[in-house]
Amino acid sequence: SAGNINLPYALIIENGALVSSSTGNTINFGTTLSFGGISNQDPNTTLGNVNVNMNGGKWILDTYNTAPLTVNGNFTVFPGNTVELFNNSLTIHGILADDPTSAFYVYDGPLSKGNNNLQEENDTLEVKSSGAKGGILEIDNAFTLNGLMDVGDGNVLLHGEFSSAATGSLLINGGSFIA
């Protein structure tokens, strides 16, 4: 049924949990804290709509994620917010809406290094020691990039038309972006 779930921080979905919502449901992350996200361990998890509004902070698919995450509705990233997939998989069947001041990292991104993808001499990234490197982002509709999308060594598969606003920036370093 229709409804909103307002979460200040995170959603942890254990294996075997039944979490399934329709596009009439929206999960709102943030507005009170500047960090949060999802840890999903159940492969059958489907969410309706997701809004990321972490007070200009970051939202992650947690490194403890063991299952892909599917959003049947829209995924909206509010101004100044960052999304990082941490080498996990996210499928969006609705619209991905970003903002000129938002950032989307499809891999273990540079969050520990600030808001850019420049590798400083003493900076290190905390990456998974085993398993696949690079996240997978699949978008089933047209997408207009307004902010930063840093694919890194991840993979983006877009099933609709791609366009970039004047404020959009697409970086690919070892990964792929297929539209």
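Residues numbered from 1 in each chain as written. Predicted model: local features only at pLDDT ≥ 70, side-chain atom pairs only at ≥ 80, totals over all residues. Heavy atoms only, no water.

S.K.: Looking at this structure, I do not really get the sheet that holds strand β14 (residues 136–139). What am I missing?
M.R.: What holds strands together in a sheet is hydrogen bonding between their backbones, with the strands either parallel or antiparallel. In space, the six strands of this open sheet follow the order β5-β8-β11-β14-β17-β20, with parallel pairing throughout. Sheet topology places β5 (46–47) and β20 (176–178) at the edges, where each strand pairs with a single neighbour. Bridge analysis of β5 against strand β8 (residues 69–71) gives two bridges, and the strand direction is parallel. Counted as the bridge partner of L47 is V71 from β8. (Pairing = 2+ DSSP bridges. Helix = DSSP H or I, 4+ residues; strand = E, 2+ residues; numbered from the N terminus.)

S.K.: Could you clarify how one ought to interpret the packing of aromatic side chains in this entry?
M.R.: Given two aromatic rings, one states the distance between the centres and the angle between the planes to describe the pair. Per the counting criterion, the structure on display carries seven aromatic pairs. With a centroid separation of 5.4 Å and an interplanar angle of 75 degrees, the aromatic rings of W59 and F75 are classed as edge-to-face. On the criterion of sequence distance, the pair formed by W59 in strand β7 (residues 58–61) and F75 in strand β9 (residues 75–77) is long-range, its members being 16 residues apart. Since its relative accessible area comes to 0%, W59 is described here as buried. Seen in terms of ring centroids, Y105 and Y107 are 6.1 Å apart; in terms of plane orientation they differ by 75 degrees. Their pairing is edge-to-face. (Phe/Tyr/Trp six-rings, centres within 6.5 Å; stacked < 30°, edge-to-face > 60°. Buried < 20%, exposed > 50% of the residue type's maximum accessible area, 1.4 Å probe, protein only.)

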